[in-house]
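Descriptive structure summary
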Amino acid sequence: MNERIIKILIEGFGKIMLASIKVTIPLTVIGFACAFVIALVMAMVQYTKVPVLRQIARFYIWIFRGTPLLVQLFLAYYGLPKLGIVLDAFPCAVIVFSLNEGAYCAETMRSALEAVPEGQFEAGYCVGMNYLQIMFHVVLPQALRTAFPPLSNSLIAMLKDTSLAAEITVADMFMSAQKIVGRTYEPLWLYSEVALVYLMYSTILTVIQRICEKKLSSYNSRETSVKKEAKA
Amino acid sequence: MSMIDIRNVKKTFGGTEVLKGIDLTVEKGDVVAILGPSGSGKTTFLRCINFLEKADEGTMTFDGQTYDLGHIRHRDIAAIRKKTAFVFQNYNLFANKTALQNVMLGLQVARHVPKAEAQKIGMAMLEKVGLSDRADHYPIQLSGGQQQRVAIARALATNPEIIFFDEPTSALDPELIGEVLAVMKQLASDGMTMLVVTHEMNFARNVSNKILFMDNGYVLEHASSKEFFENPKEERTKEFLRNISSQHDA
Ligand SMILES: Nc1ncnc2c1ncn2[C@@H]1O[C@H](COP(=O)(O)OP(=O)(O)O)[C@@H](O)[C@H]1O
Ligand SMILES: [Mg+2]
């Protein structure tokens, strides 16, 4: 590794970090937040068996899980203008990632809801609550707890998948690495560098996930009670 | 006038008639033990009169109001459920709520009782079942007997006119049955009206004042508990009692 490479890597690091803060992180956060809302709605209409909406949800999930993300991006960015729908690259990417991720997360949420025992509903009815009250206070919190690990994994996967947005001209961190490679012809060093930055972000998310899971574990592990008893 | 008068409850599951016309009269303060072999329809009957299952036909008169169980309106279901409570065989505590929150939820959410008051009632009910020191424990951190006592506290919190119990001790380890029965006995002596499906013959004999004996979807006997145990009328009842006592002797 000579001085020139070191200079390129230092310059590259700044640019990659800047692009990650300006594009990759916002794309991941906004995209996943929208995906989560979409997933909740799609899972609920299926779980509650709302007529028509339920079929729409199935259809949406079928389409978005059955076609490649890259094709969806190209279709939205290069294809839709032919129908007169022209979107800037970033909002286009946000929409496609939200819809794509939403379809996967909807399935996660639906199975988490279905894993909540029927007895929780029955007990809720017997203390006088109605469907929505039980859903909100009892069933949904339990389903979210169940869905938390797989949803976190989806978030981490999505962070990495945002690199595909570079294909529709979104100036994310992968695109910034590509640009420097184009100038310097050092693909080995720069793609390694950008890989390390992705690794850093996904490691941070993994650590956050672990901490949250520990916090959330109180009602499905006996550990805390044992600890409490030991202290007492 | 009786508190509850139930007539001719019928229920069919996929072509098999499980309840073939059940009648039951409950006076205020009654403790009715529902006995009968497994599969005779006891659970289904309790679930039908609390609308966890929809009966095909039958009527229920509750506090002077008569309802058609086959065509009951949502509004009536909600009104009746506000006056009743249910204790399940497998407790069904809200897994994401602590013991205290389990007891408070029906007050806070369904009846809009302010939090401080709900908390006060919740603690008092946990006290009653001897679990005030477990208020902050989640269900999974409690033994089966403790969970069932929390479930009873939850049932009591909303001040029901009657509590339905479906085999409240059947899922418990033998050494934990006593603590739950003790709580139920206390409720009975406090004058709570209770309908209890059970296989605990001592409870049926000594605590309950009436017996409903079911077999194969029919009521075979509806008698005072003294009469039932000392002077059973039906041959099927005698056989049931013989089987139970031979199980106990074994
Ligand atoms: N949801 C259901 N679907 C079909 N059959 C049922 C259902 N619930 C109960 N049954 C049947 O109804 C009969 C009575 O059941 P149950 O009321 O649970 O009896 P018990 O509580 O006296 O043991 C049984 O034969 C049982 O298999
Ligand atoms: Mg039963």
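Owing to the predicted nature of the structure, the values given are computational and were not obtained by experimental measurement. (Residues numbered from 1 in each chain as written. Chains lettered and ligands numbered in written order. Predicted model: local features only at pLDDT ≥ 70, side-chain atom pairs only at ≥ 80, totals over all residues. Heavy atoms only, no water.)

Moving on to the site of ligand 1. Residues and elements named next belong to chain B. Residues in close proximity to ligand 1 include F13, V18, P37, S38, G39, S40, G41, K42, T43 and T44, which together make up its full environment. Protein contacts shield 55% of the accessible area of ligand 1, which totals 560 Å² for the unbound molecule. Of the residues forming the shell around ligand 1, the biggest block, 3 residues, is contributed by helix α1 (residues 42-49). Considering only residue class, the shell around ligand 1 consists of 3 nonpolar, 6 polar and 1 charged. (Near = heavy atom within 4 Å. Areas by Shrake-Rupley, 256 points an atom, 1.4 Å probe, with all protein chains shown as cover. Helix = DSSP H or I, 4+ residues; strand = E, 2+ residues; numbered from the N terminus. Nonpolar A, V, L, I, M, F, W, Y, C, P; charged D, E, K, R; others polar.)

Okay, the sheet that holds strand β6 (residues 84-87) of chain B next. Two pairing modes exist for strands in a sheet, parallel and antiparallel, and in both the strands are linked by backbone hydrogen bonds. All names here are of chain B. Sheet architecture is open: 6 strands sit in the order β6-β7-β8-β3-β9-β10, paired in mixed fashion. Of all the strands in the sheet, just β6 and β10 (218-224) have a single pairing partner and so form its edges. Strand-to-strand, the axes of this sheet are offset by a mean angle of 15°, without reference to chain direction. Bridge count between β6 and strand β7 (residues 162-166): 4 bridges; the pairing is parallel. Among the inter-strand pairings, F86 is bridged to a residue of β7, identified as F164. Of the strands in this sheet, β3 (31-35), β7 and β8 (193-197) are in contact with helix α6 (residues 174-189), which crosses β8 at around 145°. (Pairing = 2+ DSSP bridges. Axes fitted to C-alpha atoms, helices over the stretch in contact; angles between N-to-C directions. Contact = heavy atoms within 4.5 Å.)

A word on the pattern of salt bridges. Residues and elements named next belong to chain B. All told, the structure shown has 21 salt bridges over all chains when counted by the stated rule. For R73, the salt bridge identified is with D76, shortest N-O distance 3.2 Å. In this structure, D133 engages R134 in a salt bridge whose closest nitrogen and oxygen atoms are separated by 3.1 Å. Overall, D133 belongs to the exposed group, its relative accessible area being 53%. Here R134 falls in the buried class, since its relative accessible area comes to 19%. (Salt bridge = Lys/Arg side-chain N within 4 Å of Asp/Glu carboxyl O. Buried < 20%, exposed > 50% of the residue type's maximum accessible area, 1.4 Å probe, protein only.)

Attention now moves to the sheet that holds strand β1 (residues 4-13) of chain B. All names here are of chain B. Taken in spatial order, the 4 strands of this open sheet run β2-β1-β4-β5, and their pairing is antiparallel. The open sheet has two free edges, formed respectively by β2 (16-26) and β5 (65-68), since each of these has just one partner strand. This sheet shows a mean twist of 15° between the axes of neighbouring strands, independent of strand direction. In this sheet, β5 lies alongside strand β4 (residues 57-62) in antiparallel orientation, the contact comprising 4 bridges. Directly across from T59, in β5, lies its bridge partner D68. Along the sheet, α1 makes contact with β1, β2 and β4, crossing β1 at roughly 115°.

When pLDDT is averaged along chain B, the result is 95; 98% of the residues meet or exceed 70. Overall fold confidence (pTM) sits at 0.90, and the ipTM for the predicted complex is 0.94. (pLDDT = per-residue confidence, 0-100.)

The next point concerns the nonpolar core. Formed by 83 residues in total, the largest nonpolar core has its most connected members in M129(A), V139(A), V9(B), F45(B), M60(B) and L195(B). With 12 residues, the top contributor of residues to this core is helix α4 (residues 89-114) of chain A. Summarising the domain contributions, this core has at least three residues from each of domain 1 (1-83 + 173-250) and domain 2 (93-160) of chain B. When near neighbours in sequence (up to four residues on either side) are disregarded, M60(B) contacts I4(B), D5(B), I6(B), I49(B), F51(B), Q65(B), T66(B), Y67(B), L69(B) and I80(B). Within the second largest apolar cluster, 41 residues are counted, among which are L93(B), L142(B), I177(B) and M184(B). (Core = buried A, V, L, I, M, F, W, Y, C linked by side-chain atoms within 4.5 Å. Domains from an automatic or database assignment.)

The next thing to look at is the pairing of β1(B). Residue and element names in this part refer to chain B. Sheet analysis places β1 next to β2, joined by 8 bridges and oriented antiparallel. Directly across from K11, in β2, lies its bridge partner L19. The turn linking β1 back onto β2 is made up of 2 residues, and G14 within it adopts a positive phi angle of 45°. Two strands pair when backbone bridges link them, and β1 and β4 are joined in this way by 5 bridges, in the antiparallel orientation. If you follow R7 over to β4, its bridge partner there is T59.

Okay, the packing of helix α1 (residues 3-47) of chain A against helix α6 (residues 131-161) of chain A next. All names here are of chain A. Their axes nearest at 11 Å, the elements α1 and α6 cross at an angle of 140°. Compared by their axis directions, α1 and α6 come out oblique. The handedness of the crossing between α1 and α6 comes out as right-handed. On the side of α1, the interface is formed by T24, I25, L27, T28, G31, F32, F36, L40, M44 and Y47, while α6 contributes Y131, M135, V139, L140, L144, L151, S154, L155, M158 and L159. Taken together, the residues of the contact of α1 with α6 break down into 16 nonpolar, 4 polar and no charged. (Parallel < 35°, antiparallel > 145°, perpendicular 65-115°, else oblique. Left-handed = near helix turned anticlockwise from the far one by under 90°.)

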